[in-house]
Amino acid sequence: MNQIRVIPLCNSADLLDSGLAVPFDVVYQGMTCRAFAVRFNGKPHAYLNRCSHVAMEMDYQPNRFFDITGQWLICATHGAMYAPDSGECRGGPCRGGLVKISLTEMDGVVHWHTEHNLQPVEF
Ligand code: FES
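Scope of this entry: the structure provided in the associated data block. (Residues numbered from 1 in each chain as written. Predicted model: local features only at pLDDT ≥ 70, side-chain atom pairs only at ≥ 80, totals over all residues.)

What follows concerns the sheet that holds strand E7 (residues 89-91). Taken in spatial order, the three strands line up as E5-E6-E7 in an open sheet, and their pairing is antiparallel. Lying at the two open borders of the sheet, with one neighbouring strand each, are strand E5 (73-74) and E7. The pairing of E5 with strand E6 (residues 81-82) spans two bridges and is classified as antiparallel. Bridging from a neighbouring strand, leucine 73 pairs with tyrosine 82 of E6. (Pairing = 2+ DSSP bridges. Helix = DSSP H or I, 4+ residues; strand = E, 2+ residues; numbered from the N terminus.)

Here it is as structure tokens:
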């Protein structure tokens, strides 16, 4: 069984409130997937970059997930909207929420946490 690991992702300063995301790659349920981290109301959050409507990446421009209000994560394809702090569906054609990835932030660095079905990409 894989152990839980805490992996450095980016510097805290790389994530601005409602700003651009920092992308990273993970292996989720055995498949390599894109993921992203954002900051919202001061706290970092991360999700798989996979819409719950159709399993597609959501950003309409690279690393841009927030709508123009900065209050929602929006899928570019059909407009599903998700709460930035929980990944829950808040509107549009989503079928459930986003897959959340645990983060911690300390000493100016954001780290992500592996889980049994969420692992780093090994090169
Ligand atoms: S693929 Fe995201 S809303 Fe349809």
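Now, onward.
Ranked by internal contacts, the top residues of the largest apolar core, which has 26 residues, are Ala35, Phe36, Ala37, Val38, Ala46, Tyr47 and Phe65. Elements with a minimum of two residues in this core: strand E3 (31-40), strand E4 (43-48), E5 and strand E10 (109-113). For this core, the leading source of residues is E3, giving five residues. Discounting residues that sit within four places of it in the chain, phenylalanine 65 has contacts with Ala21, Phe36, Val38, Met58, Asp59, Leu73 and Ile74. (Core = buried A, V, L, I, M, F, W, Y, C linked by C-beta atoms within 7 Å. Buried ≥ 20, exposed ≤ 12 C-beta atoms within 10 Å, placed from the backbone. Contact = placed C-beta atoms within 7 Å.)

Even without being glycine, serine 18 reaches a positive phi, approximately 55 degrees. The topology assignment puts serine 18 in the loop between strand E1 (6-11) and strand E2 (22-28). Overall, the presence of 18 C-beta atoms within 10 Å leaves serine 18 in the partly exposed class. Although it is not a glycine, asparagine 41 sits at a positive phi angle of roughly 50 degrees. Looking at where asparagine 41 falls in the secondary structure, it is placed in the loop between E3 and E4. Asparagine 41 sits in the exposed class, given 10 other C-beta atoms within 10 Å.

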